[in-house]
Amino acid sequence: MTAIPADSKPSADSAETAGAGGPAGPSGPVLHSAVIDWFDGHARDLPWRRPDAGPWAVMVSEFMLQQTPVNRVLPVYEQWLARWPSPADLAAEPPGEAVRAWGRLGYPRRALRLHGAAVAIRERHGGRVPSDHAELLALPGVGEYTAAAVASFAYGQRHAVLDTNVRRVFARAVSGREFPPDATTAAERKVARALLPDDEPTAARWAAATMELGALVCTARTPHCVRCPITAQCAWRAAGSPAHDGPPRRGQTYAGTDRQVRGKLLAVLREAVAPVPQAALDRVWDEPVQRARALDGLVADGLVEPLDGGLYRLPLS
DNA sequence: TAGACGTGGTG
DNA sequence: TCACCAAGTCT
């Protein structure tokens, strides 16, 4: 079976779409149908995908899902939207409340940025999550992926949505490699654009479907090719599923790092209802230089507010 | 552009 | 057990 060509034309090219199994390989629409039909039968019932989930709910989910598994997001997401059903509701509270409600999701700067995005939405967009990609991109915490995801999932627009799942699916199916490059490349964007269905609703469906395929089937550790709807067209399979070559992929160290210390410090402040004395923070880490550096970093990031008398709390502004 | 930035589940 | 991994963004 012919693998998906890296230079696939958009499906508008009727000459190519007409002949299934033509010389250029599988046509776009065939590929789209295979993945989207699979999605129709296997998509998880996630709250941010339900009809009652508006743009704000989608945006909240996208922030929380950055580098964070679905299962850990679910309970925090539910509480968050119950407490702050609109951007204005969140914007009306201090940023520290967002950090507190973030709980142990990790990367708490996301909470600060989501709060900042809510403020910006109130100030610049009349309290409505913007639908324009450039306006989304201008919000704090919204990068290339999140802007495309919100525009696509919340507003049904046509955007190349390149998250780690989609990048892995394309790396395998199109490029014949086990893993994508460390950082998103122009070549990956080109592939994603080329494979994007022409009409908006189908493109939005395709974006969600390819993400789900990567999350459930074309997984990083042990891909379930037997259950894959496009296994017959996968370049990586066709090549015999070669192992990743080249330099080892960047690992994440954590134990003993500033990140760990920051996490411990912030955990104390999240649980506290009143300003916390320095001494209480000193207990979480015994190495004073690293501890001070971590605390300074949290203050510099706006995650912690220092008060007079050696007291600290989550930020009121 | 490489590295910082949390946390916890898992093979 | 312990690296690896999870819907990235920012500098």
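Computed from a predicted model, the values in this text were never measured in an experiment.

A. Expanded view of the overall build of chain A. Secondary structure summary: chain A contains 16 helices and three strands in total. Its C-alpha atoms give chain A principal-axis dimensions of roughly 75 × 45 × 30 Å. A total of 317 residues make up chain A; the buried ones form 45% of that total. The long-range share in chain A, meaning contacts at least 24 apart out of those at least 6 apart in sequence, stands at 63%. One finds the centroid of the 36 positive side-chain charges in chain A at a distance of 5 Å from the centroid of its 34 negative side-chain charges.

B. Spatial organisation of the pattern of salt bridges. Tallying each qualifying case throughout the model produces 16 salt bridges. Residue Glu93 pairs with Arg83 through a salt bridge whose shortest N-O separation is 3.3 Å. Highlighted residues: Glu93 in the loop between helix 5 (87-91) and helix 6 (95-102) and Arg83 in helix 4 (residues 70-83), separated in sequence by ten residues. Here Arg313 ties to Glu305 by a salt bridge, and the two come within 3.0 Å at their closest N and O atoms. Judged by its relative accessible area of 24%, Arg313 is partly exposed. The network of salt bridges with shared partners includes Arg83, Glu93, Glu97 and Arg100.

C. Examining the protein's contact with DNA strand C more closely. Taken together, 28 residues are adjacent to DNA strand C, and Trp48, Gly141, Thr146, Asp163 and Asn165 come closest. Take the atoms of DNA strand C that sit within 4 Å of the protein: sugar and phosphate atoms are 65% of them. Contact between DNA strand C and Glu62: a base nitrogen at 3.4 Å from a side-chain N or O atom of the residue. Arg221 is positioned such that a nitrogen or oxygen atom in its side chain is 2.9 Å from a base oxygen of DNA strand C. Listing elements by their share of the surface near DNA strand C, those giving two or more residues are helix 3 (55-65), helix 9 (144-153), helix 10 (164-173) and helix 12 (200-216). When the residues that make up the surface near DNA strand C are grouped by side-chain class, the tally is eleven nonpolar, eight polar and nine charged.

D. Region of the structure containing the sheet that holds strand 1 (residues 276-277). If you trace the three strands from one edge of the open sheet to the other, you get 1-3-2, paired in antiparallel fashion. Each having just a single partner strand, strand 1 and strand 2 (305-307) make up the two edges of the open sheet. Bridge count between strand 1 and strand 3 (residues 311-313): two bridges; the pairing is antiparallel. Directly across from Val276, in strand 3, lies its bridge partner Tyr312.

E. Layout of the protein's contact with DNA strand B. Taken together, 19 residues lie around DNA strand B, and Arg72, Arg104, Pro108, Arg262 and Gly263 are the ones closest in. Each atom of DNA strand B within 4 Å of the protein was classed as base or backbone; sugar and phosphate made up 57%. A distance of 2.3 Å separates a phosphate oxygen of DNA strand B from a polar side-chain atom of Arg104. Among the elements of the structure, helix 7 (109-125) and helix 14 (258-271) are those that each provide at least two residues to the surface near DNA strand B. Element by element, the count of residues in the surface near DNA strand B is highest for helix 14, at five residues.

F. How the structure looks around the packing of helix 2 (residues 28-42) against helix 12. Closest axis-to-axis distance for the helix 2/helix 12 pair is 9 Å, and the angle between their directions is 70 degrees. As far as their axial angle goes, helix 12 and helix 2 are roughly perpendicular. Both helix 2 and helix 12 take part in a crossing whose hand is left-handed. Contact residues: Leu31, His32, Val35, Ile36, Trp38, Phe39, Asp40 and His42 in helix 2; Thr202, Arg205, Trp206, Ala208, Ala209, Thr210, Glu212, Leu213 and Leu216 in helix 12. Residues of the contact of helix 2 with helix 12, tallied by class, amount to ten nonpolar, four polar and three charged.

G. Region of interest: the UniProt feature "domain: HhH-GPD" (unreviewed entry) in chain A. Within the UniProt annotation, "domain: HhH-GPD" (unreviewed entry) is assigned to residues 64-216. Across residues 64-216, helical content stands at 64% and strand content at 0%; the span's end C-alpha atoms are separated by 19 Å.

H. Fine view of helix 11 (residues 186-195). Those residues of helix 11 lying buried are Glu188, Val191, Ala192, Ala194 and Leu195. Summarising the axial view, the buried residues of helix 11 lie within an arc of 165 degrees, below the 170-degree limit, and thus occupy one face. Turned more than 90 degrees away from the buried face of helix 11 sit Ala186 and Lys190, all of them exposed. Of the surrounding elements, those touching the buried residues of helix 11 are helix 2, helix 10 and helix 12.

I. Local environment of the confidence of the model for chain A. With 91% of its residues at a pLDDT of 70 or more, chain A has an overall mean of 92. Confidence over residues 6-25 falls short of pLDDT 50; this stretch has 20 contacts with residues more than four positions distant or in other chains.

Procedures and definitions
- Residues numbered from 1 in each chain as written.
- Chains lettered and ligands numbered in written order.
- Predicted model: local features only at pLDDT ≥ 70, side-chain atom pairs only at ≥ 80, totals over all residues.
- Heavy atoms only, no water.
- Helix = DSSP H or I, 4+ residues; strand = E, 2+ residues; numbered from the N terminus.
- Buried < 20%, exposed > 50% of the residue type's maximum accessible area, 1.4 Å probe, protein only.
- Contact = heavy atoms within 4.5 Å.
- Lys, Arg positive; Asp, Glu negative; His and termini not counted.
- Charge placed at Lys NZ, Arg CZ, Asp CG, Glu CD.
- Salt bridge = Lys/Arg side-chain N within 4 Å of Asp/Glu carboxyl O.
- Near = heavy atom within 4 Å.
- Polar contact = N/O pair within 3.5 Å; in protein donor to acceptor, adjacent residues only side chain to side chain.
- Nonpolar A, V, L, I, M, F, W, Y, C, P; charged D, E, K, R; others polar.
- Pairing = 2+ DSSP bridges.
- Axes fitted to C-alpha atoms, helices over the stretch in contact; angles between N-to-C directions.
- Parallel < 35°, antiparallel > 145°, perpendicular 65-115°, else oblique.
- Left-handed = near helix turned anticlockwise from the far one by under 90°.
- UniProt positions renumbered as here; feature names shortened; annotations may be inferred.
- Arc of directions from axis to C-beta.
- pLDDT = per-residue confidence, 0-100.

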